[in-house]
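Coordinate analysis (summary)
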Amino acid sequence: MEKAAAGEQMMSSRSRILGRIRHNLGRGPLSAEKAAELKTRIEEHRPNLVPKRTEISPAAQVDLFQAKAEALGATVTRLSSLDAVPEAVSRYLSDHNLATKIKMSPEAALDALPFDQTPMLDITRGAATAEDDVSLTPAFAGIAETGTLCLASGPDTPSTLNFLPENHIVLLRRSQIIGTMEESWARLRAKYGAGNLPRTLNLISGPSRTADIEQTLIMGAHGPRRLHILIVDDAEKD
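Throughout what follows, the structure given in this document is the object of discussion. In this text, all values refer to a predicted model and were calculated from it rather than measured experimentally.

With respect to the sheet that holds strand 2 (residues 101-104)
- Judged by pairing direction, the sheet is parallel, and its six strands sit side by side in the order 1-12-7-4-2-3 without closing on themselves. Edge positions in the sheet fall to strand 1 (75-79) and strand 3 (122-125), since each of these pairs with one other strand and no more. Neighbour-to-neighbour, the strand axes of this sheet turn through a mean angle of 25°, independent of strand direction.
- Note that strand 7 (residues 167-173) and strand 12 (residues 226-232) share seven bridges and pair parallel. Bridge assignment links V170 to a residue of strand 12, and that residue is I229.
- In the packing of helix 3 (residues 58-71) onto the sheet, contacts are made with strand 1, strand 7 and strand 12, and the angle to strand 1 comes to roughly 150°.

As structure tokens, this is what we get:
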């Protein structure tokens, strides 16, 4: 009963606010024709201006994504197949003198990774805790325009893996790299269905940083100090 009353009060407040806006604009309720036109426009998800620099071949989009990601402080390694992921992860940990313990996303897409070939890695799966220093997660998409990773939350992709560990390794398939932010939303709607998007969508551009204090750049201020992206060649993109 209390929830229903709170919902009615919220709708009442919303109606009053919108009513004042309509009054100040000198506009009454929409006609059926205008309401249908507005509904169609919303459902079309029509993109606005899109920069020309993203209208390039898929292969060039991969190059652009890497260049933008590296400019933002991320590191990138390209791999020929998923079989090369464990060795690449092991090499990255060794290069940065990191422990071999990794918290990996329970996402089924990572089940096929042959970590049995690198027994020196200690892999556990699940949400991250404060004790985890390295995480490995899949990406939903990579946006070439800005070098941004798009990570969708869910039971098998907990967002804690994106922020708690100081070292974040992300697996991004070559076919997941797209041109613009608008394309990422289109892919999300295609996968999850309109009105049924993930609870959280993390857009990550480089490792965490801040220069708020005396203009001194501090890494790892609100998340990982390092971001390493493994781009796996899973499709022909020319």
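Next comes the rest of the description.
Observations regarding the sheet that holds strand 8 (residues 177-178)
- Across the sheet, four strands lie side by side as 8-5-6-9; this open sheet has mixed pairing. The outermost strands of the open sheet, each flanked by one partner alone, are strand 8 and strand 9 (201-204).
- Here strand 5 (residues 141-143) pairs with strand 6 (residues 148-152) via three bridges, running antiparallel. Counterpart to G142 in the pairing with strand 6 is L149.

Here's the deal with the environment of T75
- In this fold, T75 is placed in strand 1.
- According to the relative accessible area criterion, T75 is partly exposed, its value standing at 35%.
- Separated by 152 residues in sequence, T75 and L227 place their C-alpha atoms 6.4 Å apart.
- Leaving out residues up to four positions away in the same chain, T75 has contacts with Y92, L227, H228 and I229.
- Looking at T75, its side chain comes within polar contact range of the side chain of H228, at 2.6 Å.

Topic: the pairing of strand 7
- Extensive coverage of strand 7 is indicated by the burial of six of its seven residues.
- Bridge analysis of strand 4 (residues 134-138) against strand 7 gives five bridges, and the strand direction is parallel. Following the sheet pairing, V134 is matched in strand 7 by N167.

A word on the nonpolar core
- Membership of the largest hydrophobic core comes to 19 residues, with the highest contact counts inside it found for V85, V89, L93, L113 and L230.
- Elements with a contribution of two residues or more to this core: helix 4 (85-95), strand 2, strand 4, strand 7 and strand 12.
- Among the elements that line this core, the one with the most residues is helix 4, at five residues.
- When sequence neighbours within four positions are dropped, the list of residues in contact with V89 reads I102, L121, I169 and L230.

Looking at the packing of aromatic side chains
- Per the stated rule, a full pass over the model turns up one aromatic pair.
- On the basis of an interplanar angle of 40° and a centroid distance of 6.4 Å, the ring pair of F140 and Y192 is categorised as tilted. Highlighted residues: F140 in the loop between strand 4 and strand 5 and Y192 in helix 6 (residues 181-192), separated in sequence by 52 residues.
- Judged by its relative accessible area of 12%, F140 is buried.

Focus: helix 2 (residues 32-44)
- Across its 13 residues, helix 2 extends 18 Å between first and last C-alpha, which sits within 8% of the 18 Å expected from 1.5 Å per residue.
- Count one or two residues on from helix 2 and you reach H45, which has phi positive near 50°.

Regarding the pattern of salt bridges
- The full count for this structure, using the stated rule, is eight salt bridges.
- Note that K52 and E55 form a salt bridge whose closest N and O atoms lie 3.5 Å from each other.
- The exposure class of K52 is exposed, given its relative accessible area of 65%.
- Note on E55: relative accessible area 52%, which makes it exposed.

As for a nonpolar patch on the surface
- A cluster of nonpolar side chains, contributed by I17, L18, I21 and L25, occupies part of the molecular surface with about 360 Å² of accessible area.
- Here L18 is to be found in helix 1 (residues 2-24).

Thoughts on unusual backbone geometry
- For N97, which is not a glycine, the phi torsion comes out positive at approximately 55°.
- If you trace the backbone, N97 turns up in the loop between helix 4 and strand 2.

Considerations on helix 3
- Along its 14 residues, helix 3 runs 20 Å from first to last C-alpha, staying within 8% of the 20 Å computed at 1.5 Å per residue.
- Considered for burial, the residues of helix 3 that qualify are Q61, V62, L64, F65, Q66 and A69.
- Among the structural elements, strand 1, strand 5, strand 6, strand 7, strand 8 and strand 12 are those in contact with the buried residues of helix 3.
- Backbone geometry just after helix 3 places G73 at a positive phi near 100°.

Parameters and conventions
Residues numbered from 1 in each chain as written. Predicted model: local features only at pLDDT ≥ 70, side-chain atom pairs only at ≥ 80, totals over all residues. Heavy atoms only, no water. Pairing = 2+ DSSP bridges. Helix = DSSP H or I, 4+ residues; strand = E, 2+ residues; numbered from the N terminus. Axes fitted to C-alpha atoms, helices over the stretch in contact; angles between N-to-C directions. Contact = heavy atoms within 4.5 Å. Buried < 20%, exposed > 50% of the residue type's maximum accessible area, 1.4 Å probe, protein only. Polar contact = N/O pair within 3.5 Å; in protein donor to acceptor, adjacent residues only side chain to side chain. Core = buried A, V, L, I, M, F, W, Y, C linked by side-chain atoms within 4.5 Å. Phe/Tyr/Trp six-rings, centres within 6.5 Å; stacked < 30°, edge-to-face > 60°. Expected span 1.5 Å × (residues − 1). Salt bridge = Lys/Arg side-chain N within 4 Å of Asp/Glu carboxyl O. Patch = residues over 30% accessible without salt bridge, like charges linked within 9 Å, V, L, I, M, F, W, Y side chains within 5 Å. Areas by Shrake-Rupley, 256 points an atom, 1.4 Å probe, with all protein chains shown as cover.

By themselves, these are just geometric observations and shouldn't be taken as functional.
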